[in-house]
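# Summary of structural features
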Amino acid sequence: MIIEKSSPPKDHATRYSLPATSGLYIHIPFCLQRCAYCDFASYALNALPNGLSFGSYADALIKEARLAAKERGAPRFSTLYFGGGTPSLMPLDELRRIVAALRESFNVSQIEEFTLEANPDTLDGEKLASWRELGVNRLSLGIQSLSDTSLKELGRSYSREEALGALARHRDELAAFDLSFDLLLNIPWQNPSQVLDDIRTLYAFEPVHLSLYSLKVEPGTPLAMRVANEPELAPDKDRFADEMGAAEKLLEESGFARYEVSNFARDGKWSLHNLTYWRGGNYLGLGVNATSCIRGVRTRNHREFADYRAALMRNELPVAERAELTETERAFERLMLALRTMWGISRDELPLRIWKKLQAKAEELAERHPQLIVAIPERIALTSAGMNVEHALVVELAEGDLWGEPV
Amino acid sequence: MAHIDHGKSTLADRILELTASVDPRKMREQFLDSMDLERERGITIKMQAVRLRYEAEDGATYEFGLIDTPGHVDFSYEVSRSLKACEGAVLLIDAAQGVEAQTISNLNLAIDEGLEIIPVINKIDLPVARVAQTEDEIIGLIGGTRDEILKVSAKTGEGVPELLEAIAQRIPPPKGNSDAPLQALIFDSHYDPYRGTVCYVRVMNGEVEDGDAIRMMNTGKRFDVSGCGYFRPQLEETGHLSAGDVGYIFAGIKDIGDAQVGDTITLNQRPAGKPVPGFRRVKPLVFCGFYAADNEDYDDLKAALARLSLNDSALQYEQESSEALGFGFRCGFLGLLHMEIVQERLEREYQLDIVATAPSVAFEVELRDGGVQTVDNPARIPPPDEIRCIKEPYVLGTILTPVQYQSALIELCKERRGELKDIQYFTSERANIYFYLPLSEILYEFYDALKTQSRGLASFDYELAGYRESDLVRVDILINKEPADALAFMAHRKRAQQRGREVVEILRRTIPRHLFIVPVQAAIGSNIIARETIPALRKDVIAKCYGGDITRKRKLLERQRKGKQRMRSIGSVSIPQEAFLAVLKQDGGKKK
Ligand SMILES: Nc1nc2c(ncn2[C@@H]2O[C@H](COP(=O)(O)OP(=O)(O)OP(=O)(O)O)[C@@H](O)[C@H]2O)c(=O)[nH]1
Ligand code: SF4
Ligand SMILES: [Mg+2]
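Residues numbered from 1 in each chain as written. Chains lettered and ligands numbered in written order. Predicted model: local features only at pLDDT ≥ 70, side-chain atom pairs only at ≥ 80, totals over all residues. Heavy atoms only, no water.

### Focus: helix α8 (residues 336-349) of chain B
Residue and element names in this part refer to chain B. The terminal C-alpha atoms of α8, which comprises 14 residues, lie 19 Å apart, in line with the 20 Å expected from a rise of 1.5 Å per residue. Judged by how many residues are buried, α8 sits mostly within the fold: 10 of 14 residues are covered. Considered for burial, the residues of α8 that qualify are L336, L337, H338, M339, E340, I341, V342, Q343, R345 and L346. Positive backbone phi, approximately 50 degrees, marks Q351, located one or two places after α8. (Helix = DSSP H or I, 4+ residues; strand = E, 2+ residues; numbered from the N terminus. Expected span 1.5 Å × (residues − 1). Buried < 20%, exposed > 50% of the residue type's maximum accessible area, 1.4 Å probe, protein only.)

Spelled out as structure tokens, the structure:
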């Protein structure tokens, strides 16, 4: 039996005040190999499409940065995030070129958080030192599991031994960064307590942040094909809730708070960059398939490198989709994103007419389901159990004429 | 007329061709099955009338009308009305199947009308044709000699010219008197959005012309004829109809209740003394509730039912309301196929999305206080302590089968609470088994079982045979402790628990998880006979939601939100339409 926490989130709300942030995201679409479950925009190094190389990609990114800066007037950013793919694969000279171009095009003098995603088997001493020099202060390490069976079935490129070995070898260099580890829950090839063992093992490297994602079967992936033939492998939602509950308990004992559906941090070391997404801040994304949202206009870049580069060749932004959100859509997004976090949503984040109806609904729901949702006059937030069923709660909250028009 | 699939519509095609009634470029198979539903299912649902011109071997030109009728038992009302407009009938029998149950029932209808009957064996082109045996069966049925029976292939056209010749020679011309006062029997109708009601009439006596002032003899309503003519099969305006003609009349009839099937049209100036005897109003046998999936479409559903019932006089309906489903209609049908067809027509022809409740028969409930109620909605059956007994409708069923399947079929009927009445043999290989059966027992999966047990060779027909007392109970379905009126059903006490279990199990699978635990129970009175639990939802959130995932997530939630709005709720539990449908499917089993 898992004890669900229902700590009133107002504590957090008063204890911390969150600065408004704006983020710059750079997508690096290279991986050593494609994992079985992955549908991200990324290419395996041994199967790069024509014309794509580290160098040509860096060139394209630099060009996009210049175009975007011209278009948007050299905005200022508070966070910088290299995500992928596997950004740690990027050769140092290319990475330096890219960062230099970003400095040239945007105002990044006040970057508070500079994250780079890395896989354990791509770490080396020289890279770690150079990343530091470039200003990287946070590493997000994709571990996923420390079970060899799971790593193999998931198609990861390293073993438990290799991952832990790399972390141990570079313990000192790693200590210079805020470390975050990604782990997967609900892996059908391991038993539910494996993730707890993995967390304990990883504590040795003193992470300040952990992301626990549920393994998801994305259509079109090798995993999806496998699950079609072996339905017993399909992720089980109850198991997720159990694993999450147990992991959360363990993490809380060590001072980690679940500040978002899948994210835990210690000492307020939240991912500021990601908080920008959840708090409706502006962000600019560069690279294939990257998305941006600036003042309610959302764009997505071409997913295929060929299309992405062709647009840039024509001196055009490589945007494939563009949508301007209505006020209602923005409000709905604010709600569904804010409720993912422990701060929930507060009165000043929504138009008043919507807030009033929402608050009344929330109180009614909180009365019926005190273990899921907390509503006080100024703020609505979900408990941990509530976060697991956030979709159903958002749907309940958004029912009826709340929004004045159909969303 | 014939048993289902014996080839009526195909034979009609050949006749249309030989009489050059249809432009060859427009010709297609089963031409008269003009409804999409008929074409998709390959069955006739509505009768179709056509006036034909035939040049006979004697050199004379004959005008005659042809009506293609449905074969399925649910639509036999269409046959019986058609026969009122006829002088003779072609009794068509599939050479591979022989005489089947509806062959006999349709034959009896024609004999009752005193029509000239021409027996015809069809599908003689088939290698498995059993022409000689089929002849024996026909002679066993109506007497006569082999050479009076025609043999045709509606597919190849072989024998069809001889059939046309026989029609011209054997079927007498209509008897009516054109000088007598007008009597035109309305045997069908449909609604035309531009011209109002189209009355399909058989003129028994007298004449009618454009501009005539007419009167409906039963309702007394008056109208002016704005057009009349023949079906060819498209409308051919002649401005005139006289005794013996089958045709249509328009008279600007907007209110569809004003031109009732079975009424007689006469002239206002010179009315006939009495109307033609109309039709025995058919009693619906199967009932269910129809609700618009979107409650806002209630008015549209109402209008659609009104129009559809004009074209389907066997359909009956009245308003009802359900706690779970809101306002809707209790509808009565002649059988499950009829119900299914009406639902599909509402959905296609009127673009409505319908939720149907489980079909039920009409029960007679005798109360302790001496009162008697007829209840066709299980949710309205009074509480058990007020009831003295419940009676349910029985049918007298006739099964025609090759003798080797006789004992298996008797077994089947016994399982279905049947009581054997008689067995007759009209040839040495074919048995006619008569059974009394509860109507409710033949509605569900009975045909399939019958076909399976007899390798498809047995056929079945039934007629209502009064009410009998049965040990019936109402099974209530409780969702989160609240009764779901639309899901209540009647069952024989011995079967109640089994059925209750099946229904709650289906509901457990189809009702999505909620934020709380939802018990689903089946109960007889206060006695719970089956129970399932839908565990609380514990996870639905997507784990990753970063910049690129936001739009996807918003759209997902919007869909979920809209989906929820379309669900019905009982207490605080949302029930998707599929749950109602699944329960219905399990009741209705496989349909034809
Ligand atoms: N081989 C062969 N097949 C035929 C013949 N006549 C009809 N059929 C086939 O039998 C099937 C049923 O024919 P229909 O004309 O639709 O039968 P029906 O009597 O109008 O059927 P309902 O209206 O549903 O009662 C079709 O597949 C026809 O193609 C025939 O003479 N020979
Ligand atoms: S390393 Fe990450 S981005 Fe690359 S294939 Fe695996 S899961 Fe996908
Ligand atoms: Mg037909």
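The rest of the description comes next.
### Some words on the interface of chain B and chain A
The interface is formed by 28 residues belonging to chain B together with 46 residues belonging to chain A. Taken together, both faces of the contact between chain B and chain A bury some 3,600 Å²; the carbon and sulfur share is 57%. Applying the counting rule to chain B against chain A returns seven salt bridges. In this structure, R554 of chain B engages E329 of chain A in a salt bridge whose closest nitrogen and oxygen atoms are separated by 3.6 Å. Run the count over chain B and chain A and you get 22 residue pairs in polar contact (both at pLDDT 80 or more). A class-by-class count of the residues in the side of chain B that touches chain A yields 11 nonpolar, five polar and 12 charged. (Contact = heavy atoms within 4.5 Å. Buried area = accessible area lost by both parts, 1.4 Å probe. Salt bridge = Lys/Arg side-chain N within 4 Å of Asp/Glu carboxyl O. Polar contact = N/O pair within 3.5 Å; in protein donor to acceptor, adjacent residues only side chain to side chain. Nonpolar A, V, L, I, M, F, W, Y, C, P; charged D, E, K, R; others polar.)

### Points about the confidence of the model for chain B
Residues and elements named next belong to chain B. On average, chain B scores 91 in pLDDT, and the residues at 70 or more come to 98%. Contacts for the low-pLDDT stretch residues 588-592, under 50 throughout, to residues beyond four places or in other chains number 13 contacts. As a predicted assembly, this complex carries a pTM of 0.72 together with an ipTM value of 0.87. (pLDDT = per-residue confidence, 0-100.)

### Points about the site of ligand 1
All names here are of chain B. The full set close to ligand 1 counts 19 residues, and K8, S9, T10, T44 and D125 are the nearest of them. At a separation of 2.7 Å, a nitrogen atom of ligand 1 approaches a polar side-chain atom of D125. Out of a free accessible area of 650 Å², ligand 1 has 84% covered by protein chains. Counting residues per element, the shell around ligand 1 draws most heavily on helix α1 (residues 8-18), at three residues. Partitioned by chemical class, the residues of the shell around ligand 1 number four nonpolar, 10 polar and five charged. (Near = heavy atom within 4 Å. Areas by Shrake-Rupley, 256 points an atom, 1.4 Å probe, with all protein chains shown as cover.)

### Some details on the site of ligand 2
Contacts to ligand 2 come from C31, Q33, R34, C35, Y37, C38, F40, G85, T86, N119 and R156 of chain A. Among the residues making up the shell around ligand 2, the classes are represented as five nonpolar, four polar and two charged.

### A short note on the domain arrangement of chain A
Domain assignment breaks chain A into domain 1 (4-278) and domain 2 (327-398). Each of domain 1 of chain A and domain 2 of chain A was reduced to a C-alpha centroid, and the two centroids are 28 Å apart. (Domains from an automatic or database assignment.)

### Section: the pattern of salt bridges
A complete count under the given rule lists 65 salt bridges over all chains for this structure. A salt bridge links R340 of chain A to E260 of chain A; its shortest N-O distance comes to 2.7 Å. Note that R340 of chain A is positioned in the loop between α13 (327-338) and β15 (345-346) and E260 of chain A in strand β9 (residues 256-260), a separation of 80 residues in sequence. Each member of the pair, R340 of chain A as well as E260 of chain A, is classed as buried. One salt bridge connects E333 of chain A with R554 of chain B, and the closest N-O pair in it is separated by 2.7 Å.

### Describing the pairing of strand β15 (residues 264-267) of chain B
Residue and element names in this part refer to chain B. Along β15, one buried face is formed by T264 and T266 and the opposite face, lined by I265 and L267, is buried too. Sheet analysis places strand β6 (residues 183-192) next to β15, joined by two bridges and oriented antiparallel. In the sheet register, A184 faces β15, and the bridge partner there is I265. (Pairing = 2+ DSSP bridges.)

### Points about the coordination of the magnesium ion (ligand 3)
Residue and element names in this part refer to chain B. Distances from the magnesium ion (ligand 3) to its protein donors, namely S9 (OG) and T44 (OG1), fall within the range 1.9 to 2.0 Å. A residue pair is termed long-range when its members are at least 10 positions apart, and S9 in helix α1 and T44 in the loop between α2 (36-41) and β1 (48-55) qualify at 35 residues. Of the two residues, S9 and T44, neither departs from the other in class, the shared state being buried. (Donors = N, O, S within 2.8 Å, 3.2 Å for Na, K, Ca; no water.)

### Side note on helix α6 (residues 160-169) of chain A
All names here are of chain A. The complete set of buried residues in α6 reads A163, L164, A166 and L167. On an axial view of α6, the arc spanned by its buried residues comes to 160 degrees, and they lie on one face. Across α6 from its buried face, at more than 90 degrees, point the exposed residues E161 and R169. Those residues of α6 that are buried lie in contact with β6 (138-144), α7 (171-174), β7 (178-185) and α8 (194-203). (Arc of directions from axis to C-beta.)

### Some words on the sheet that holds strand β9 (residues 213-216) of chain B
Either a parallel or an antiparallel arrangement is found when strands of a sheet pair, and the pairing is made through backbone hydrogen bonds. All names here are of chain B. Judged by pairing direction, the sheet is antiparallel, and its eight strands sit side by side in the order β10-β9-β15-β6-β7-β14-β11-β12 without closing on themselves. Two strands in the sheet have a free side with no partner beyond their single neighbour: β10 (222-224) and β12 (235-237). Recorded for the sheet is a direction-independent mean angle of 40 degrees between the axes of neighbouring strands. In terms of strand pairing, strand β11 (residues 227-231) meets strand β14 (residues 246-250) through three bridges, oriented antiparallel. (Axes fitted to C-alpha atoms, helices over the stretch in contact; angles between N-to-C directions.)

### Topic: the sheet that holds strand β16 (residues 373-376) of chain A
Residues and elements named next belong to chain A. What the three strands build is an open sheet, ordered β15-β17-β16; its pairing is antiparallel. Each edge of the open sheet carries a strand with a single partner, namely β15 and β16. Here β15 runs beside strand β17 (residues 379-382); their pairing, made up of two bridges, is antiparallel. Residue pairing across strands places S346 opposite R379, the latter belonging to β17. Packing against the sheet, helix α14 (residues 352-368) makes contact with β15, β16 and β17, and its axis sits at approximately 130 degrees to β16.

### Considering the nonpolar core
Core analysis: the biggest nonpolar cluster contains 98 residues, and V475, I477, I479 and L507 of chain B have the highest contact counts within it. Ignoring any residue separated from it by four or fewer positions in sequence, one finds L507 of chain B in contact with I477, I479, L487, V520, I534, A579 and V583 of chain B. If you look at the next biggest cluster of nonpolar residues, it comprises 71 residues, including L185, A247, L250 and F264 of chain A. (Core = buried A, V, L, I, M, F, W, Y, C linked by side-chain atoms within 4.5 Å.)

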